[in-house]
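Examining the three-dimensional arrangement
Here's the letter readout for the chains.
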Amino acid sequence: MAYSATADEHHDEHHDGPAPGLMRWVTTTNHKDLGTLYLWFSLIMFFVGGSMALVIRAELFQPGLSLVQPEFFNQMTTMHALIMIFGAVMPAFVGLANWLLPMMIGAPDMALPRVNNWGFWILPFAFTLLLSTLFMPGGAPASGWTMYPPLVLQTGEAFPFLILSIHLMGISSIMGAINIVATILNMRAPGMDLMKMPLFVWSWLITAYLLIAVMPVLAGAVTMLLTDKYFGTAFFTAAGGGDPVLFQHIFWFFGHPEVYILILPAFGIVSHIIPAFCRKPLFGKASMVYAMAAIAFLSFIVWAHHMFTVGMPLAAALFFMFATMLIAVPTGVKIFNWLATMWRSAMTFETPMLFALGFVFMFTIGGLSGLMLAIVPADFQYHDSYFVVAHFHYVLVPGSVFAIMAGVYFWLPKWTGVMYNETLGKLHFWLTTIFVNLTFFPMHFIGLAGMPRRIPDYALQFTTFNQMATIGAIGFGLSQLIFLYIVIQSARRAGEKASDRVWEGTEGLEFELSSPPAYHTFTTPPTVR
Amino acid sequence: MSDEHRQQEARSRGNLRMAGKLSVLVVVMFGFGYALVPLYDVFCEITGIGPGTVDLVAAEEQEWVADESRTVTVEFTASLNQRMPWEFRAETRTMEVHPGESHVMTYYARNLREQDMIGQAIPSVSPARAAAHLHKLECFCFVEQLFEAGQGRYMPVRFVVDPDLPEHVDRVTLAYTFFDATPAGMHAPVDVDTASTR
């Protein structure tokens, strides 16, 4: 034992840099390397999923069938959602967690570095399986990402590939989540008690528990689909005594916590950025933590608001309606805390702050349309219309995606050691903001007027608003090339040298490290005051 | 130095223990997904909606007192699941009945395929609150139906709407969907794509 101990020390002291060559990325267990891999993977998937969105929008530029067949249109809506949710947003958050959690809590690395490596490298295989279905007879899955039976059971040869790729994504997320919980609970530097933890760490602790609780339920639901199709079970087949509505209940028991998995880390990110550019501490930090915990708890008891129209007892509809509306209270607490942080502060508007402010403003729009959808009698009109599309895109694009971009701009100089191009960053923000609203705001109106989602054709009177949305989508897509350019320039270390604190008002252990940080940081734990 | 190393080892043991505990939670939640299946049936039974209330056995014959003062319209619909190659229709679209009287109507089904098939019809009643008051005394849905290749037949349904039907319900729909219940081994599988383009 004593011998191996000295060997280990030796090893640590003399290998402070990464191994050279491509195999570095395959075999790495370093949290910074894996964070980088996750973020690049997410960016690639963001462009893949985005191109599919452009196919959808191009088809909808004119009424009638103009570019693609309806079957292919449905494949695009399905794949766009699966790729954006499981391939772009979730890996981006895990990538940020990998980069930041150990540096924020003063740990040398993640708790389970090999699990971390495995968790990432499952993803390329999962998405290869999923994307390969585009070239199969019968095409890719076209049932919508919610995979409702019996429709999803009509998927052709793609079906088992869809199910197995979702199993792989689930395994990857669960491994990432277990690793994050173990890191946060076991690896904190001495003196870093739970309430001293930065909010991004808190947001990920809660998110990781949500992932551990609901990803297995999704795995169970898709396994039931698989056995219904190939092994003669009848969970969802009416002829065998099953019920397709049961799938919706199980799916949304996963699905609603999932939407908070997609937003809680975003809350964490903007809670770092707003105080930094307001140059004062976050207002009501403890209430932020309790609000996130309350949102996480409520997310388990509101799932049926996704399926009011399948029919349920009045008492159940009322329960799910009121429970859903209750979520507005902790969410409101968070919004008001961010506003109170800005109140009478010396704000400056660098790119990360612009994205964070855009987040607060536009996420609130998405939250309010969510409240409208929670109202049972109104939901019967809104259900499966473009209003729903407008709602969840407002919380996911100027919500989650803006927060991710804000986070990348905020910490990129820390990671690379160079400042990105601020002029281009601001241009990216303004173009993105204008086009994102041009894309999604008209969808509220065409949805209220009755245009259904997931249909490649529409009534003539919706043409103008659809054309606005399509132009917005193309502009949004092209604007992201600016982001790609900025990130590549930073990765090539082109730019002014960044200071260790990067921004004037930053707080936190990660800003006490050099920019860029050494390959191994906090090998001896820091002291937390 | 060895002190620090011991600390590190204790920490990595702690990490593994934590990962172990969380993995148990993962397995439990996977099981919970499956536990939702029986829970759902219990929930449906308590609330009286969903498949738990679909009765595939004949209702008990009772002496209901016909309520001649009330007339209820009963509608009949027929549909086929997915691409089932059958013809299926209700011979009567609607019927005016008094609660408490038993009536007979007829469905017609025909197997269009050149192979024997077994079908299972699943009934559904709407509005949901009328479901408990429409009793099927005789129905082709109580057993699986074997249809030889190309065979068609008329099938009676004897039913009664009981007088406890809530006051404000004056229209009840009885819908049947035929599902393909042919066992996989009964004959060679038919290529679904050629079947549907025919």
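Report follows, based on the coordinates. (Residues numbered from 1 in each chain as written. Chains lettered and ligands numbered in written order. Predicted model: local features only at pLDDT ≥ 70, side-chain atom pairs only at ≥ 80, totals over all residues. Heavy atoms only, no water.)

A look at the sheet that holds strand β5 (residues 117–126) of chain B
In any sheet, the strands associate via hydrogen bonds between backbone groups, in a parallel or an antiparallel arrangement. Residues and elements named next belong to chain B. Pairing in this open sheet of five strands is mixed, and the strands run β3-β1-β9-β5-β7 from one edge to the other. The sheet terminates laterally at β3 (94–97) and β7 (145–147), the two strands that pair on one side only. Averaged over all pairs of adjacent strands, the angle between their axes in this sheet comes to 30 degrees, without regard to strand direction. Bridge count for strand β1 (residues 72–80) against β3 is four bridges, and the pairing is antiparallel. In the sheet register, threonine 73 faces β3, and the bridge partner there is glutamate 96. (Pairing = 2+ DSSP bridges. Helix = DSSP H or I, 4+ residues; strand = E, 2+ residues; numbered from the N terminus. Axes fitted to C-alpha atoms, helices over the stretch in contact; angles between N-to-C directions.)

A short note on the environment of arginine 493 of chain A
Residues and elements named next belong to chain A. Looking at the element boundaries, arginine 493 is found in the segment after α17 (463–491). Taking the C-alpha atoms as reference, arginine 493 lies 46 Å from glycine 138; in sequence the two are 355 residues apart. When neighbours within four sequence positions are excluded, arginine 493 is seen to be in contact with Thr416 and Val418. Here the side chain of arginine 493 touches threonine 416 through a polar contact of 3.2 Å, landing on its backbone oxygen. (Contact = heavy atoms within 4.5 Å. Polar contact = N/O pair within 3.5 Å; in protein donor to acceptor, adjacent residues only side chain to side chain.)

Some words on unusual backbone geometry
For the bond running from serine 515 of chain A to proline 516 of chain A, omega is -5 degrees, close enough to zero to count as cis. With respect to the helices and strands, proline 516 of chain A occurs in the segment after α17. Looking along the chain, the bond that leaves serine 126 of chain B and enters proline 127 of chain B is cis, with omega of 0 degrees. Looking at the secondary structure, you find proline 127 of chain B in the loop between β5 and β6 (134–138). The backbone of aspartate 384 of chain A sits at a positive phi, close to 60 degrees, despite the residue not being glycine. Judged by its relative accessible area of 36%, aspartate 384 of chain A is partly exposed. With a phi close to 65 degrees, valine 502 of chain A is a non-glycine residue in the positive phi region. Assignment of secondary structure puts valine 502 of chain A in the segment after α17. Residue class for valine 502 of chain A comes out buried when judged on its relative accessible area of 11%. (Buried < 20%, exposed > 50% of the residue type's maximum accessible area, 1.4 Å probe, protein only.)

Digging into the pattern of salt bridges
All names here are of chain A. Per the counting criterion, the structure on display carries nine salt bridges over all chains. Across the salt bridge formed by arginine 24 and aspartate 33, the nearest N and O atoms sit 2.6 Å from each other. Aspartate 33 sits in the buried class, given a relative accessible area of 2%. Residues arginine 453 and aspartate 384 are paired through a salt bridge, measuring 3.6 Å at the closest nitrogen-oxygen approach. One end of the pair, arginine 453, is in the loop between α16 (422–448) and α17; the other, aspartate 384, is in the loop between α14 (376–382) and α15 (386–416), and 69 residues separate them in sequence. Residue classification places arginine 453 among the buried residues on the basis of a relative accessible area of 17%. (Salt bridge = Lys/Arg side-chain N within 4 Å of Asp/Glu carboxyl O.)

Here we look at the nonpolar core
Most often, soluble globular proteins have nonpolar side chains that are buried together. Residue and element names in this part refer to chain A. One finds Phe86, Phe127, Met147, Trp204, Trp338 and Phe359 to be the most contacted residues of the largest nonpolar core, which totals 191 residues. The biggest single contributor to this core is helix α4 (residues 70–105), with 23 residues. The contact partners of tryptophan 338, leaving out residues within four places of it in the chain, are Phe267, Val270, Ser271, Ile274, Leu282, Met288, Phe359 and Val360. (Core = buried A, V, L, I, M, F, W, Y, C linked by side-chain atoms within 4.5 Å.)

Digging into the side chain of lysine 32 of chain A
Residues and elements named next belong to chain A. Within the secondary structure, lysine 32 sits in helix α3 (residues 31–59). Despite its burial, lysine 32 remains without a salt bridge, the nearest opposite charge being carried by aspartate 109 at 6.9 Å. Setting aside its immediate chain neighbours within four residues, lysine 32 contacts Trp99, Met103, Pro517, Ala518, Tyr519, His520 and Thr521. (Lys, Arg positive; Asp, Glu negative; His and termini not counted.)

Section: the interface of chain B and chain A
Of the residues lining the interface, 28 residues belong to chain B; the matching set on chain A comes to 40 residues. Interface area for chain B against chain A, summed over the two sides, is near 3100 Å², with a carbon-plus-sulfur share of 72%. Of all residues in chain B, Arg11, Asn15 and Tyr40 of chain B give up the largest surface area on contact with chain A, accounting jointly for 18% of the area buried on that side. Viewed at the interface, chain A and chain B are joined by zero salt bridges. Counting only elements with at least two residues in the side of chain B that touches chain A, the list comes to α1 (2–47) and β5 of chain B. Among the elements that make up the side of chain B that touches chain A, the one with the highest residue count is α1 of chain B (21 residues). (Buried area = accessible area lost by both parts, 1.4 Å probe.)

Everything listed is a geometric property; what it means functionally is a separate question.
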